[in-house]
Amino acid sequence: RKLYKETVILYWKGRTMRELIFAEMSPEWIASYEGGIFTEFMEQRSPGHTVLDNKIYSRGMLDFIQDIRKLLEDLDYLNDPRAYSKQEELKAMSICAQAIICFAERHAQAALELAQVEQDPQRRKELERIAQICSYVPAHAPRDFWEALQYYWFIHLGVTIELNPWDAFNPGKLDQHLYPFYRKGLLEGTLTEDIAEELLHCFWIKFNNQPAPPKVGVTAAESGTYTDFAQINVGGLREDGSDAVNPLTYLILDVIEEMRLLQPSSSIQVSKKNPNRFIKRAARIIRTGFGQPSVFNADLIVQELIRQGKSIQDARQGGSSGCVEVGAFGKENYNLTGYFNLPKVLELTLNNGLDPHSGLQLGPRSGEAADFSSFEELFAAFEAQLNYFIDLKVRGNNLIERLYAAYMPVPFLSLLIDDCILRGKDYHDGGARYNTTYIQGVGLGTITDSLSAIKHHVFDEQNLSLSELMEALKKDFAGKESLRQRLLNRTPRYGNDDDNADNLMRAVFESYFNAIDGRSNTKGGTYHINLLPTTVHVYFGSVTGATPDGRKAKQPLSEGVSPVQGADRRGPTAVLKSVAKMDHARTGGTLLNQKFTPSLLQDDTGLDSLVSLVRTYFALDGHHIQFNVVDAATLRKAQENPSEYRDLIVRVAGYSDYFCDLSEVLQNEIIARTEHQEF
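Residues numbered from 1 in each chain as written. Predicted model: local features only at pLDDT ≥ 70, side-chain atom pairs only at ≥ 80, totals over all residues. Heavy atoms only, no water.

**Some details on the pattern of salt bridges**
In step 1: Applying the stated rule across the entire model yields 40 salt bridges.
In step 2: Between R129 and D144 there is a salt bridge, with the nearest N and O atoms lying 2.5 Å from each other. Taken together, the residues span a long stretch of sequence, with R129 in helix 6 (residues 121-136) and D144 in the loop between helix 6 and helix 7 (145-162) at a distance of 15 residues.
In step 3: Residue classification places R129 among the partly exposed positions, given a relative accessible area of 22%.
In step 4: Look at the salt bridges and you will find they share partners, linking D53, K55, D314, K331, D418, D419 and R433 into a network. (Salt bridge = Lys/Arg side-chain N within 4 Å of Asp/Glu carboxyl O. Helix = DSSP H or I, 4+ residues; strand = E, 2+ residues; numbered from the N terminus. Buried < 20%, exposed > 50% of the residue type's maximum accessible area, 1.4 Å probe, protein only.)

Here it is as structure tokens:
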């Protein structure tokens with residue numbers, strides 16, 4: 001530690017990626033970042049969110065090295081201007097492939113040394129088997145279930161070691177990848193269900209023992225957890241479009257329930273081709289109350305990926321990672337660049353581009369609030385501000401992409417993603433078959449209800465002027481509690497299947513989509529949107545003043561595509577109908593949280609109702625839904641006596657965490673979410 005503090009840290013001063021990024025950003029970008037209009041994922045961590053397909057289960061590293069050797073031999077230095085850069089990238093990939101083989105062989109040697117001094121015959125036999133496995137994979141393709149798991153884990157370590165901190169790397173469709181090995185082992189008698197289950201238990205523990213590196217500042221605020229966001233998909237579709245649920249799927253669900261760990265996070269991918277039995281098995285885990293597995297619409301994910309330009313086969317083999325983000329597994333570089341604060345843009349609109357929080361003129365002058373003679377004029381000003389800040393964000397992102405391509409190549413990861421080897425091009429430099437850049441919108445419920453309050457009270461009912469509203473917002477509703485209650489309770493609210501509010505949600509969605517979708521990135525791909533918060537809705541709320549929906553200054557914004565906490569008053573089906581009015585197929589992921597009391601799911605009737613709820617939402621083309629099954633009274637008791645509730649796990653956003661490890665503000669936000677007691 002002394003050496004690290006006095007030598008290593010000092011060496012990197014002035015050389016870190018974060019310092020390189022901020023040195024290249026414009027003053028306007030930095031002011032907007034510091035003002036809480038957007039965040040930047042890549043300032044403290046790598047791009048992340050890449051998921052493997054099944055290639056490592058049929059090919060060893062020696063096979064990859066052979067492919068590289070052939071491509072190096074065929075380079076055309078006379079006619080190909082990129083021949084030298086291809087050569088250097090391919091040589092780097094080959095070095096990395098050889099390195100991971102060496103890494104495994106060192107584990108094999110260590111296991112043999114332990115076996116030689118081990119007194120327990122059973123443990124000695126295990127160590128000898130471990131040595132055999134590590135001597136064989138990842139140099140060669142795995143031959144059995146244990147080798148397949150060990151092969152993946154070496155790959156996982158290779159990716160995270162190469163570019164720490166990586167985020168959300170995972171094996172993807174684990175039940176599909178491992179099932180051929182599982183079935184073969186059972187048929188041959190070389191594997192039993194109990195042994196397979198124990199190996200999966202060990203696999204889960206390895207994930208849980210690998211936290212994300214520490215974060216500071218805005219990065220810690222936007223993602224206040226040390227889970228690594230590795231999400232394992234089960235179920236869904238095969239490449240040919242058929243039902244992918246198999247016996248190993250159910251065994252993995254057993255493991256998820258038995259282990260009850262924060263990570264890896266787990267999800268079920270639900271297609272109309274999957275049986276209800278599959279969803280109900282997952283529902284039995286959900287009702288235990290630790291927020292896993294989350295539930296995704298596999299059929300809609302295929303629609304999303306095809307719309308983005310993927311082939312149908314690649315789309316079917318894709319899925320979700322991190323929180324809710326979609327990609328073509330093993331074939332895509334899909335980067336989340338940061339969060340975007342939609343309610344903050346409305347605040348700037350109402351203040352003619354001035355940020356009341358900092359006193360800085362962050363946005364263009366789009367008009368004084370008192371001068372707007374119609375809701376349409378106000379909304380046009382909001383769109384002008386939105387487009388300005390999106391332009392700012394995209395310009396910054398494009399520079400950051402080039403910095404990563406120049407300074408942070410990832411030749412090991414490039415080995416694993418089609419078509420980096422074939423193109424002789426790094427993953428960070430456009431080598432992948434598909435290259436997507438996402439910007440995540442936050443606070444959809446808050447901005448919808450705020451616009452609804454303005455439209456309803458100022459322009460439709462005319463029982464309030466914009467000047468009066470602005471004065472109340474400036475004072476954080478001090479002395480104006482009756483007005484605040486009117487805004488809270490006499491306004492059409494998103495989440496209640498009320499078109500007066502929901503149509504405004506759709507208008508915001510369209511504006512955000514049009515500002516971003518289809519823009520070119522620097523890697524030959526395009527920008528798209530998704531809507532999720534992790535914990536940034538708490539941070540964004542802390543830099544956003546009082547809003548027209550009655551929310552007081554500095555309070556959390558709404559999370560994901562969920563309604564404002566407590567605003568949905570007509571039950572969960574009304575929420576789903578409101579949220580489904582958004583065109584989820586034009587996103588790369590949306591996050592919907594629901595909270596149920598435990599009594600609602602205590603018997604088969606409740607579980608069957610949950611299955612029907614999921615089926616209904618997905619029939620309406622919803623993307624994702626996840627559940628907290630806990631009552632607010634229990635959460636309040638945990639706040640008061642944390643030592644008695646150390647094992648209480650809740651769903652936060654796209655991940656679960658120990659309730660007592662969360663900040664008080666985030667705990668209160670989860671408590672405030674509407675608690676449904678009936679379907």
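**Some remarks on the sheet that holds strand 13 (residues 675-676)**
In step 1: Judged by pairing direction, the sheet is mixed, and its six strands sit side by side in the order 1-2-3-10-9-13 without closing on themselves. Looking at strand neighbours, the two that pair on one side only are strand 1 (231-235) and strand 13, the edges of this open sheet.
In step 2: The pairing of strand 9 (residues 593-596) with strand 13 spans two bridges and is classified as parallel. Paired with K595 across the strands is E675, a residue of strand 13. (Pairing = 2+ DSSP bridges.)

**Examining a negative patch on the surface**
In step 1: Negative charge collects at one region of the surface, where E368, D371, E376 and E377 lie side by side.
In step 2: Tracing the backbone through its elements, the reader meets E368 in the loop between helix 15 (342-350) and helix 16 (375-407).
In step 3: The partly exposed category is assigned to E368, whose relative accessible area is 44%. (Patch = residues over 30% accessible without salt bridge, like charges linked within 9 Å, V, L, I, M, F, W, Y side chains within 5 Å. Areas by Shrake-Rupley, 256 points an atom, 1.4 Å probe, with all protein chains shown as cover. Lys, Arg positive; Asp, Glu negative; His and termini not counted. Charge placed at Lys NZ, Arg CZ, Asp CG, Glu CD.)

**Some details on helix 24 (residues 572-579)**
In step 1: Most of helix 24 sits inside the fold, with six of its eight residues counted as buried.
In step 2: The set of residues buried in helix 24 consists of P572, A574, V575, L576, S578 and V579.
In step 3: Elements in contact with the buried residues of helix 24: helix 22 (499-516), strand 9, helix 25 (604-619), strand 10 (624-629) and strand 13. (Contact = heavy atoms within 4.5 Å.)

**Considerations on the packing of helix 7 against helix 9 (residues 193-208)**
In step 1: The interhelical angle for the contact between helix 7 and helix 9, taken along N-to-C directions, is 5°, at an axis separation of 10 Å. Viewed along their axes, helix 7 and helix 9 adopt a mutual orientation that is roughly parallel. Seen from helix 7, the contacting residues are F145, W146, L149, Y152, W153 and H156; seen from helix 9, they are A196, L199, L200, F203, K206 and F207.
In step 2: Each residue belonging to the contact of helix 7 with helix 9 can be placed in one class, and the counts come to 10 nonpolar, one polar and one charged. (Axes fitted to C-alpha atoms, helices over the stretch in contact; angles between N-to-C directions. Parallel < 35°, antiparallel > 145°, perpendicular 65-115°, else oblique. Nonpolar A, V, L, I, M, F, W, Y, C, P; charged D, E, K, R; others polar.)

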